[in-house]
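Fold and geometry: a report
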Amino acid sequence: MSWGTELWDQFDNLEKHTQWGIDVLEKYIKFVKERTEIELSYAKQLRNLSKKYQPKKNSKEEEEYRYTSTKAFLATLNEMNDYAGQHEVISENMTSLITGELTRYVQELKQERKSHFHDGRKAQQHIETCWKQLEASKRRFERDCKEADRAQQYFEKMDADINVTKADVEKARQQAQLRHQMAEDSKAEYCSTLQKFNSEQHDHYYTHIPNIFQKIQEMEERRIVRIGESMKTFAEVDRQVIPIIGKCLDEITKAAESIDHKNDSQMVIEAFKSGFEPPGDVDFEDFTQPMKRTVSESSLSNSRGDGKSEPKFGGKSKGKLWPFIKKNKPPPPPPASASPSAVPNGPQSPKQQKEPLSHRFNEFMTSKPKIHCFRSLKRGLSLKLGAGPEDFSNLPPEQRRKKLQQKVDELNKDIQKEMDQRDALTKMKDVYIKNPQMGDPASVDHRLAELGQNIEKLRLEVQKFEGWLAEVEGRLPMRTEQARRQSGLYEAQNTSAVNSCAQDRESSPDGSYTEEQSQETEMKVPATDFDDEFDDEEPLPTIGTCKALYTFEGQNEGTISVAEGEMLYVIEEDKGDGWTRIRRNEDEEGYVPTSYVEVYLDKNAKDS
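Throughout, a residue's number is its position along its own chain's written sequence, starting from 1. Totals for whole chains, interfaces and linings use every residue, but because this is a predicted model, local features are given only for residues with pLDDT of at least 70 and side-chain atom pairs only at 80 or more, for both listing and counting. The side-chain values count all of the structure's non-hydrogen atoms but skip hydrogen atoms and water molecules.

1. Focus: the environment of Asp 430
Inspection of the secondary structure assignment puts Asp 430 in helix H9 (residues 397-434). With 11 residues separating them in the primary sequence, Asp 430 and Pro 441 have C-alpha atoms 7.6 Å apart. Strands are runs of DSSP state E lasting at least 2 residues, helices are runs of H or I lasting at least 4, and numbering of each runs from the N terminus.

This is the structure we're talking about:
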């Protein structure tokens, strides 16, 4: 089966068909190129997706990735990054093995096709020229034969005419002979041309054209084979990355199987365990005695809007705040007759004007029982004017122990680094001593001295933190009843800090200390047995009761929220600043606008 023999007369159709084959190949190249672009785009999107959900360095989010579930998610993100890399490999291989190779092949194919069809056209032009020569020789032979016949007829006519001279007859005979000779010559030429044309035509249709068409057929078959190989390569490129993609998926599955819910639960305990024990039982308080009694923590707990009582924790509360440590300034005080709707943000808190800390201390010491005032001052000065304390005393015991242990480990690592540097420099110095031409041994002495000082400083730091750690570890097992009942109040009791109280330094209404050219400092107030003696004293006595006329949301520190109609105790009446100090129970007390409550003072309080 050969195009040369079967399609000897289909030159034009073969030309169209081969052009169509090249168009198909170019279309396939375009398809593969678009596939590579899709793979690159997909890989880029996968990488961006993985990067988007990666934890930020040195952030709280990075700390959350210590749990097995989040570690598995992080492993999934990393594997997705590798997964994206395999799609990039697909794109690269398809570009180099298919798109690039086929593009070069198409150019070569076009040149070969052009050459073959040029030879075919040249052969066709040659056979057409031979045909034209044959036709010209044939027409000339035909013309000469007709001329010879006419000359012969003319001679015969002249020879039969008795009136024609003998010279004329001879002339006609010679002319007839000449025409016959010319006809014979034309015949011989025609025969020769015909034989030549037949030979050329035979060679054309049985040799030249079959050879040319055979080459075109082979070219077309190579094109078909090449596109088939490219399609196999297309599949093979994908198949080559399947094992690696499978490994990525296996790693994701392995990461998912590594999730340990029990371990995560234990890590939550380690992260948030305070080290305190739950509080003990609350003592029964008898309220059947006359009104003139010490107010207990839960005496008015049932008068609140929700009707629920709150537990008592050793007479102290994390929410117990004092007016001189408020962090947010309340709005200005309303008129005495103003309704709550007219003053949406509530009145100003007491002690709004700035006054020296020493004056306010004297005021509290003279207007309230001294023991309670000292405790209030100690609690009120629990301010954080700078960074957290170096010994992490603001944290619960268990968390403090973990932080101290972490700090000790970090310092030990730093010491090891410094010692490694010192050892390396010592070896270098020994080399310099043995080989002075390599360097001056004295050039490293300064650095060695610095490293020694650094190591000594770090060791002192380690000793300091180890001392705090030993203190914490020694205290953890020893939990008294008071410590258990104060477990919810640890932060307020351990973050007490005060600033130096100079006469030119003032206290702002939010409880912070202000001075135009001062810098933030922090001073710890150590807890002593002396403090505990004051902590056990009774709170301020009540001087009456009050009824809430309106609902008040105590959003500012130092204030207390009340519900309309709620009955509470008065422990300090309005000093003219628009505020009345009340108590719900021993854990909850604060200021409310005087215009929001109706006060009923005890008779004894009025007389005093």
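Next comes the rest of the account.
2. Digging into the pattern of salt bridges
The term salt bridge refers to a side-chain nitrogen of Lys or Arg lying within 4 Å of a carboxyl oxygen of Asp or Glu. By the definition in use, this model includes 23 salt bridges. With a shortest N-O distance of 2.7 Å, Glu 566 and Arg 584 are connected by a salt bridge. With a gap of 18 residues between them, Glu 566 in the loop between strand S4 (544-548) and strand S5 (567-572) and Arg 584 in strand S6 (residues 579-585) connect regions that are remote in the sequence. A salt bridge links Arg 583 to Glu 589; its shortest N-O distance comes to 3.1 Å. In the salt-bridge network here, residues are joined through shared partners; they are Glu 572, Arg 581, Arg 583 and Glu 589.

3. Quick notes on the environment of Met 567
Mapped onto the fold, Met 567 is located in strand S5. Look at Met 567 and you get partly exposed, because its relative accessible area is 33%. Expressed as a C-alpha distance, the spacing of Met 567 and Glu 598, which sit 31 residues apart in the sequence, is 9.6 Å. Each residue's exposure class comes from its accessible area (1.4 Å probe, protein chains only) as a fraction of the maximum for that residue type: buried when under 20%, exposed when over 50%, partly exposed otherwise.

4. Here's the deal with the side chain of Ser 2
Within the secondary structure layout, Ser 2 lies in the segment before helix H1 (3-6). You can call Ser 2 buried: its relative accessible area is 16%. Reaching out from Ser 2, the side chain makes a polar contact with the side chain of Gln 214 at a distance of 2.9 Å. In protein, a polar contact means a hydrogen-donor-capable atom and an acceptor-capable atom, both N or O and within 3.5 Å, with residues adjacent in sequence counting only if both atoms are side-chain atoms; elsewhere, any N or O pair within 3.5 Å suffices.

5. Some points on a nonpolar patch on the surface
Judged by side-chain polarity, Trp 8, Tyr 205 and Tyr 206 come together as a nonpolar surface patch covering roughly 360 Å² of accessible area. Residue position: Tyr 205 is located in helix H5 (residues 166-257). With relative accessibility at 30%, the residue Tyr 205 sits in the partly exposed group. Residues enter patches when their relative accessible area tops 30% and they take part in no salt bridge; the joining distance is 9 Å for like charges and 5 Å for the nonpolar side chains Val, Leu, Ile, Met, Phe, Trp and Tyr. Areas reported as accessible are Shrake-Rupley estimates using a 1.4 Å probe. Residue values count occlusion only from the protein chains shown.

6. Here we look at the packing of aromatic side chains
By convention, a stacked pair of Phe, Tyr or Trp rings (six-membered ring in the case of Trp) has centres within 6.5 Å and planes under 30 degrees apart, an edge-to-face pair has planes over 60 apart, and any other such pair is tilted. The tally for this structure, following the rule as stated, stands at 12 aromatic pairs. Seen from their ring centres, Trp 8 and Tyr 205 are 5.2 Å apart, and the 90° between their planes marks the pair as edge-to-face. Taken together, the residues Trp 8 in the loop between H1 and helix H2 (11-52) and Tyr 205 in helix H5 connect sequence positions 197 residues apart. Seen from their ring centres, Phe 31 and Phe 234 are 5.5 Å apart, and the 35° between their planes marks the pair as tilted. Residue Phe 31 is found in helix H2, and its partner Phe 234 is found in helix H5; the two are separated by 203 residues along the sequence. For Phe 31, a relative accessible area of 43% gives the class partly exposed. Put simply, the rings of Phe 11, Phe 117 and Phe 213 pair up and form one aromatic cluster. Positioned over the ring face of Tyr 105 is Arg 226, at 4.7 Å from the centre of the ring. Charge-over-ring placement is defined geometrically: NZ (Lys) or CZ (Arg) within 6 Å of the ring centre, and within 35 degrees of the ring normal.

The values reported here are purely geometric and, on their own, carry no functional implication.
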